[in-house]
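Chain residues, written in single-letter form:
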Amino acid sequence: SDVANTTTPSPISKEDQVVNGHDEKENNPFAEYMWMENEEDFNRQVEEELQEQEFLDRCFQEMLDEEDQDWFIPSRDLPQGIGQLQQQLNELSVAEGHSSEDILSKSNLNPDAKEFVPGVKY
């Protein structure tokens, strides 16, 4: 079977043993801290990256603000009186207490008049 043909990893040889928490083959155990040697350059680089990110954020915000100017937002773009009129129109309803016969009896319209059709002369 395939399981019998697989090789098991060899145990760590004496050459690969860890001494003082570091491999003997590792050249400099402090390699990850070498950036501190040029700390001023590192700080300048990080500061430039932060400024660049801040600049990009401002650009995106300006772009979004310009895009918002193109959209019609009633609460922002309509005068305040228009909103009140809209609310009043929404509250209007046909009075339920009156029947259609009652409304027709009080009407001044001619029930025998011809139906109005736009563009047709009578």
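Going by the annotation in an unreviewed UniProt entry, the name recorded for the protein is PAI2B protein, with Nothocercus nigrocapillus given as the source organism. Looking at the Sequence similarities (unreviewed entry) heading of the UniProt record, one finds this comment for the protein: "Belongs to the PAIP2 family."

Q: Please explain the overall build of the protein as it appears in this structure.
A: Check the secondary structure of the protein and you find five helices and two strands. Here the protein, with 122 residues, has 0% of them falling under the buried criterion. Entry remark: accessible area of the protein is about 12500 Å², with carbon and sulfur atoms responsible for 54%.

Q: Before we go on, may I ask you to explain a negative patch on the surface in this structure?
A: Negative charge collects at one region of the surface, where E62, D65, E66, E67, D68 and D70 lie side by side. Within the element layout of this structure, D68 appears in helix 2 (residues 39-70).

Q: I keep staring at the pattern of salt bridges and nothing clicks. Help me out?
A: Side chains that differ in sign of charge can pair as their charged atoms come close. Per the stated rule, a full pass over the model turns up three salt bridges. Across the pair R58 and E54 runs a salt bridge, and its minimum N-O distance is 3.3 Å. Of this pair, R58 and E54 both sit in helix 2, separated by four residues, roughly a single helical turn. Accessibility expressed as a relative area gives 47% for E54, which makes it partly exposed. Where salt bridges share partners, they join D41, R44 and E48 into one cluster.

Q: What is the right way to look at a nonpolar patch on the surface in this model?
A: A cluster of nonpolar residues, F30, Y33, W35, M36 and F42, forms a patch on the protein surface that exposes about 530 Å² of accessible area. Topologically, Y33 is positioned in the loop between strand 2 (22-23) and helix 2.

Reading guide: rules and limits
- The residue count restarts for each chain, going from 1 along the sequence in the order it is written.
- Residues qualify for local features only when their pLDDT is at least 70, as the model is predicted, and side-chain atom pairs are given and counted only at 80 or more; totals for whole chains, interfaces and linings, by contrast, use all residues.
- Side-chain numbers here rest on the full set of heavy atoms in the structure, without hydrogens or water.
- UniProt positions are given in the numbering used here, feature names are shortened, and annotations may be inferred rather than shown by experiment.
- The secondary structure listing takes helices from DSSP runs of H or I that are at least 4 residues long and strands from runs of E that are at least 2 residues long, numbered from the N terminus.
- Note on classification: 1.4 Å probe, protein chains only; a residue is buried when its accessible area is under 20% of the maximum for its type, exposed when over 50%, partly exposed between these limits.
- Computed with the Shrake-Rupley method and a 1.4 Å probe, the accessible areas treat only the protein chains shown as cover for residues.
- Residues enter patches when they are more than 30% accessible in relative terms and free of salt bridges; like-charged ones are connected within 9 Å and nonpolar ones (Val, Leu, Ile, Met, Phe, Trp, Tyr) within 5 Å.
- The rule for a salt bridge is simple: a side-chain nitrogen of Lys or Arg has to be within 4 Å of a carboxyl oxygen of Asp or Glu.
- All tallies of charge rest on Lys and Arg as positive and Asp and Glu as negative; His and the ends of each chain are not included.
- Every charge is mapped to an atom, namely NZ of Lys, CZ of Arg, CG of Asp or CD of Glu.

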